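These are the residues of each chain, in order.
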Amino acid sequence: MPSKLTSKIRRGVVVGGTTLRWRSRLGRLGARVVLERPRECRTPESIVLGDRTVLSGGWWLTDLEPESATEPRIRLGADCRFLYDLQINSAASVTIGDGVLGASRVFITDCDHRVGDATTPTTKVTELSAEPVVIGDNCWLGQNAVVLKGVTLGERCIVAANSVVTKSFPDGSIIGGVPGKLLGHVDE
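The rules behind the values
- Residues numbered from 1 in each chain as written.
- Predicted model: local features only at pLDDT ≥ 70, side-chain atom pairs only at ≥ 80, totals over all residues.
- Heavy atoms only, no water.
- Helix = DSSP H or I, 4+ residues; strand = E, 2+ residues; numbered from the N terminus.
- Buried < 20%, exposed > 50% of the residue type's maximum accessible area, 1.4 Å probe, protein only.
- Pairing = 2+ DSSP bridges.

(A) Representation of unusual backbone geometry in the model. That bond from V178 to P179 is cis: its omega, -5 degrees, falls within 30 degrees of zero. With respect to the helices, strands and loops of the structure, P179 is situated in the loop between β21 (173-176) and β22 (181-185). Of note, R32 is a non-glycine position whose phi angle comes to about 55 degrees, a positive value. Along the polypeptide, R32 turns up in the loop between β1 (28-29) and β2 (34-35). One non-glycine residue with positive phi stands out, namely N138, at about 60 degrees. On the secondary structure map, N138 appears in the loop between β15 (133-135) and β16 (140-141).

What follows is the structure, encoded as structure tokens:
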């Protein structure tokens, strides 16, 4: 079993590697951030990560409209933790508050592709329909949770595993299902 000192040294090496690799590339990289191996990071200057945030391997953060960006589109607050294969796509903005916990394979997007007329193949249509996504502080997103465009989740919301959130919910909501429905409140 590794000692506490060995664990601290190992973490220091990971944090140092993250800083060296990403500080000059991201819009902002907070202190003591850990970024394990990404799958893809398009337009990193459009991304802001708060202090002590951790993204486990396989993360994918993408600004889908980099030509029109005037400020960072993807913002994660301080003390966020997302397990493997987080994917965030943004054409408007995705803002995630402080202390948000995400299980593996969480997908967050603020846009949909449009479908063209009957003569235009969908693969040739480049237009997106976008509305900002906001996830409040201290939320928990379960395994395979999906949050779609225009959604605002209040603080301390819980999204059950395999749920698809298509509308906004107030503070303390427990959400589950496809589409996501209010199942209860964390304070009940």
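Next comes the rest of the description.
(B) Representation of the pairing of strand β6 (residues 59-63) in the model. With 4 of 5 residues buried, β6 is to be regarded as a mostly interior element. Relative to β6, strand β3 (residues 38-42) is paired through 4 bridges, and the arrangement is parallel. Looking at the pairing, P38 lines up with W59 of β6. Across 4 bridges, the pairing between β6 and strand β9 (residues 87-90) is parallel. In the strand pairing of β9, D63 is matched with S90.

Shape is all these values report; function is a separate question.
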